Amino acid sequence: MQVGYNGYNVTIFEEKDRIGGMLQYGIPDFRLPKTILDRYKARLLELGVHIRPHVVMGGDLMIDNLFRDGYSSVFIGTGVWRPSTLGIEGETLANVHFGISYLARPVSYVIGQTVAVIGMGNVAMDVARTAFRHGAQRVMLFQRGNKSPASDHEMEYARLDGAEFFFGKSIQRITPEGPIFRNSVLNEQGRPVGVEGEEELVKADTTIIAINQRPKDKLVNTTHGLEANERGLLIVDGNNMTTRAGVFAAGDVITGISFVIKAIAQGREVVGKIIVGKVRHRQARAVFETLHLKPVALAQLVDKAREHLQLALLVLELLALRVHEVVQPHYPDARVIGACVHQLQEVVPAHPKLRAGVEAQQHVCHAALLAGNTVEVLGMEQAFGGEH
């Protein structure tokens, strides 16, 4: 919505039929009425934001297709929808489900009256509370260690609904009758380091695995230059730009599963950076067009300065502002460039005609101050080349 407020042409590509992601499909209705999201969608449409539902990026369309069609920036906020598995016998049984999938559409599942939930995070708490509201009479949650990673208040809500908690239980396998556990051997920090004792069958009509989630890998597998770490999370820099120029990301897809409010705050911050980048691009491009130049490498600018003093002086003013802070770390000959800049600046009084470019010079200086990186300003065409 922030981008729409600023008058940019925005299109949302949504894999499902409704926008909202985790707010829509991961948080139960009794915690977040979906009418709130419906009002949010209506406001987006009023702002001129376009929504394309049922589009799988990395399947139906590729990020490369977006740049081909003129989109200048891409924001990835796909979250973490791939459930982590236990890697044990019985995960493929008909009465075994994954927590995040169950929350997306609980009415599609027949869970019976007794439910065993593997895991005790916030998602597991939502699974337990949702199960009670869809026919379960008894819900048990199991944790290998002696502590729950869920928020205290989320755990208390689940307890008030009737959930039972069992700590120090390491699952061994799952049977049609329910999961089988052994007692965990815990270290001084309460973390499991082994198992002991006899196996114990906990009878349950349904077993729901809710231990963790990770991003899907469609985008990484289909986008040249887009990289993820060993956990499948997208790699970003200090400006939240991914390893692919012009592609930004925020939220769980770069941090792992966390609180929704943190993802929203991070997304707003990143969108602000995108907006500043587009303003910076337009200012820099206007200056270069005024000078009849195109963004080129720094070394080429220095050569051009020697040949075309009247034009290049204004561009080199931009370099002078940040030569020691930005250029030097990236270019070994930064001192030589700096010397050229200062030498050319001394010539200004001898060439009054250069004062005609003062207005353009001010635009350059403003763009440089906004820029976090001079090289980014000069190469902005690569990352912000379109009008979307």
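Bear in mind that the values here come from a model prediction, so they are computed numbers and not experimental data. (Residues numbered from 1 in each chain as written. Predicted model: local features only at pLDDT ≥ 70, side-chain atom pairs only at ≥ 80, totals over all residues. Heavy atoms only, no water.)

### Points about the overall build of the protein chain
Across its full length, the protein chain carries 16 helices and 14 strands. Counting only residues that meet the buried cut, the protein chain has 44% of its 388 residues in that class. Counting contacts in the protein chain only where the partners sit at least 6 residues apart, residues at least 24 apart contribute 66% of the total. In the structure as shown, the protein chain presents an accessible area of about 20300 Å², 51% of it carried by carbon and sulfur atoms. (Helix = DSSP H or I, 4+ residues; strand = E, 2+ residues; numbered from the N terminus. Buried < 20%, exposed > 50% of the residue type's maximum accessible area, 1.4 Å probe, protein only. Contact = heavy atoms within 4.5 Å. Areas by Shrake-Rupley, 256 points an atom, 1.4 Å probe, with all protein chains shown as cover.)

### Considering the sheet that holds strand β9 (residues 169-175)
Taking strand neighbours across the sheet as the criterion, the 3 strands line up as β9-β10-β11 in an open arrangement whose pairing is antiparallel. Each edge of the open sheet carries a strand with a single partner, namely β9 and β11 (192-201). The average angle at which neighbouring strand axes cross in this sheet is 30°, direction not considered. The pairing of strand β10 (residues 178-186) with β11 spans 6 bridges and is classified as antiparallel. Residue pairing across strands places Phe181 opposite Glu200, the latter belonging to β11. (Pairing = 2+ DSSP bridges. Axes fitted to C-alpha atoms, helices over the stretch in contact; angles between N-to-C directions.)

### Some details on unusual backbone geometry
Positive phi is not limited to glycine here, since His54 has a value of about 55°. By the element assignment, His54 lies in the loop between β2 (50-52) and α4 (63-68). One non-glycine residue with positive phi stands out, namely Asn240, at about 65°. One can find Asn240 in the loop between α8 (218-222) and β14 (247-249).

### With respect to the sheet that holds strand β7 (residues 138-143)
In spatial order, the strands read β5-β12-β6-β7-β8; together these 5 strands make up an open sheet with parallel pairing. Of all the strands in the sheet, the pair left with one neighbour each is β5 (96-98) and β8 (164-167). Direction aside, neighbouring strands of the sheet carry axes that sit 25° apart on average. Across 4 bridges, strand β6 (residues 114-118) lies against strand β12 (residues 206-209) in parallel orientation. Opposite Ile118, over in β12, you have Ile209 as the bridge partner. Set on the sheet, helix α6 (residues 122-132) makes contact with β6, β7, β8 and β12; between it and β7 the angle comes to about 165°.

### Quick look at α6
The element α6 is largely enclosed, with a buried count of 10 among its 11 residues. For α6, the full list of buried residues reads Val123, Ala124, Met125, Asp126, Val127, Ala128, Arg129, Thr130, Ala131 and Phe132.

### Details of helix α3 (residues 34-46)
The end-to-end C-alpha distance of α3 is 19 Å, a good match for the 18 Å that 13 residues give at a rise of 1.5 Å each. For α3, the complete set of buried residues consists of Lys34, Leu37 and Leu44. Within α3, the buried residues cover an arc of 60° as seen down the axis, which keeps them to one side. In α3, the exposed positions that point more than 90 degrees away from the buried face belong to Arg39 and Glu46. In this fold, the buried residues of α3 make contact with β1 (11-13) and α2 (22-25). Phi turns positive one or two residues past the end of α3, at Gly48, with a value near 90°. (Expected span 1.5 Å × (residues − 1). Arc of directions from axis to C-beta.)

### Notes on the packing of aromatic side chains
Applying the stated criterion to the full structure yields 4 aromatic pairs. Seen from their ring centres, Tyr102 and Tyr109 are 5.4 Å apart, and the 75° between their planes marks the pair as edge-to-face. Residue Tyr109 is classed as partly exposed on the basis of its relative accessible area, which comes to 24%. Between Phe142 and Phe166, the ring centres sit 5.2 Å apart and the planes meet at 15°, which makes this aromatic pair stacked. One end of the pair, Phe142, is in strand β7; the other, Phe166, is in strand β8, and 24 residues separate them in sequence. Above the face of the Tyr25 ring, Lys16 is positioned so that its terminal group lies 5.3 Å from the ring centre. When the ring centre of Trp81 is taken as origin, the NZ or CZ atom of Lys16, which lies over that ring, is 5.9 Å away. (Phe/Tyr/Trp six-rings, centres within 6.5 Å; stacked < 30°, edge-to-face > 60°. Lys NZ or Arg CZ within 6 Å of the ring centre and 35° of its normal.)

### Quick word on the confidence of the model for the protein chain
For the protein chain, per-residue confidence averages 76 on the pLDDT scale, and residues scoring 70 or more make up 68% of the total. Within the model, the stretch residues 279-299 combines pLDDT values under 50 with 43 contacts to residues more than four positions away or in other chains. This model gives residues 301-341 a pLDDT under 50, and the stretch forms 67 contacts once residues within four places in sequence are excluded. (pLDDT = per-residue confidence, 0-100.)

### Thoughts on the nonpolar core
With 23 residues, the main nonpolar core has Val115, Val117, Met125, Val139, Leu141 and Phe165 as its most contacted residues. Sorting the residues of this core by element identifies α5 (99-104), β6, α6, β7 and α7 (152-161) as the ones contributing at least two each. The element that contributes the greatest number of residues to this core is α6, accounting for 7 residues. Core analysis: the second largest hydrophobic core is formed by 14 residues, Met57, Ile76, Leu226 and Ala249 among them. (Core = buried A, V, L, I, M, F, W, Y, C linked by side-chain atoms within 4.5 Å.)

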